[in-house]
Amino acid sequence: MLKLKPKSKKLYYNKPMSTAPSFDFQKLNAELEQILEELQSESMDIDKAINLYERGMYIVEQLQNYLKEAKNKVTKIKHKFDK
C-alpha cells in the first residue's frame, strides 16, 4: 500500500523575493529614473541616447519580471490562506 506523507508546513515569509542574490529593485529603479532624466536633456549625442534607451528597456524588463514574480507569490500565499 502506498503511504502518502503529509504536507509540511513551511514558513515562506523568510525567503527572499528573487532567487538572484544581487537583484536590487530600488537601485535599478533609481538608475532608470536617472536614465530618463538624461534622455530628456536637449543636447545629447544620438549614440549615447540609443545606448541609454537600450539600458533603460533592459531595466524595465527586469523590474517587470520581478513585479510579476512578486504578484504570483502573493497570489499563491493568498490562495493558501483562503482555504
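In this text, all values refer to a predicted model and were calculated from it rather than measured experimentally.

J.: For this particular structure, what's the right way to read the overall build of the protein chain?
T.: A count of helical and extended segments in the protein chain gives two helices and zero strands. Going through the 83 residues of the protein chain one by one, you find that 13% of them count as buried. Residue pairs at least 24 apart in sequence account for 74% of intrachain contacts in the protein chain once pairs closer than 6 positions are excluded.

J.: Quick question: what am I supposed to make of helix α1 (residues 25-39) here?
T.: Residue pairs three or four apart in sequence face the same way in an α-helix, which turns once every 3.6 residues. Compared with the 21 Å implied by 1.5 Å per residue over 15 residues, the 21 Å span of α1 between its first and last C-alpha is a close match. On its buried face, α1 sits against α2 (46-82). Backbone nitrogen of Q26 and a side-chain oxygen of the N-cap are separated by 3.3 Å at the start of α1; the cap is D24.

J.: Can you help me understand the packing of aromatic side chains in this one?
T.: Two aromatic rings, taken as a pair, are described by how far apart their centres are and by the angle between their planes. If you walk through the whole model with that rule in mind, you get one aromatic pair. Considering the side-chain rings of F25 and Y66, the 5.6 Å spacing of their centres and the 35 degrees angle between planes classify their relative orientation as tilted. Taken as a pair, F25 in helix α1 and Y66 in helix α2 lie far apart in primary sequence, 41 residues in all. Of the residues examined, Y66 reaches a relative accessible area of 18% and is grouped as buried.

Reading guide: rules and limits
Residues numbered from 1 in each chain as written. Predicted model: local features only at pLDDT ≥ 70, side-chain atom pairs only at ≥ 80, totals over all residues. Heavy atoms only, no water. Helix = DSSP H or I, 4+ residues; strand = E, 2+ residues; numbered from the N terminus. Buried < 20%, exposed > 50% of the residue type's maximum accessible area, 1.4 Å probe, protein only. Contact = heavy atoms within 4.5 Å. Expected span 1.5 Å × (residues − 1). Polar contact = N/O pair within 3.5 Å; in protein donor to acceptor, adjacent residues only side chain to side chain. Phe/Tyr/Trp six-rings, centres within 6.5 Å; stacked < 30°, edge-to-face > 60°.

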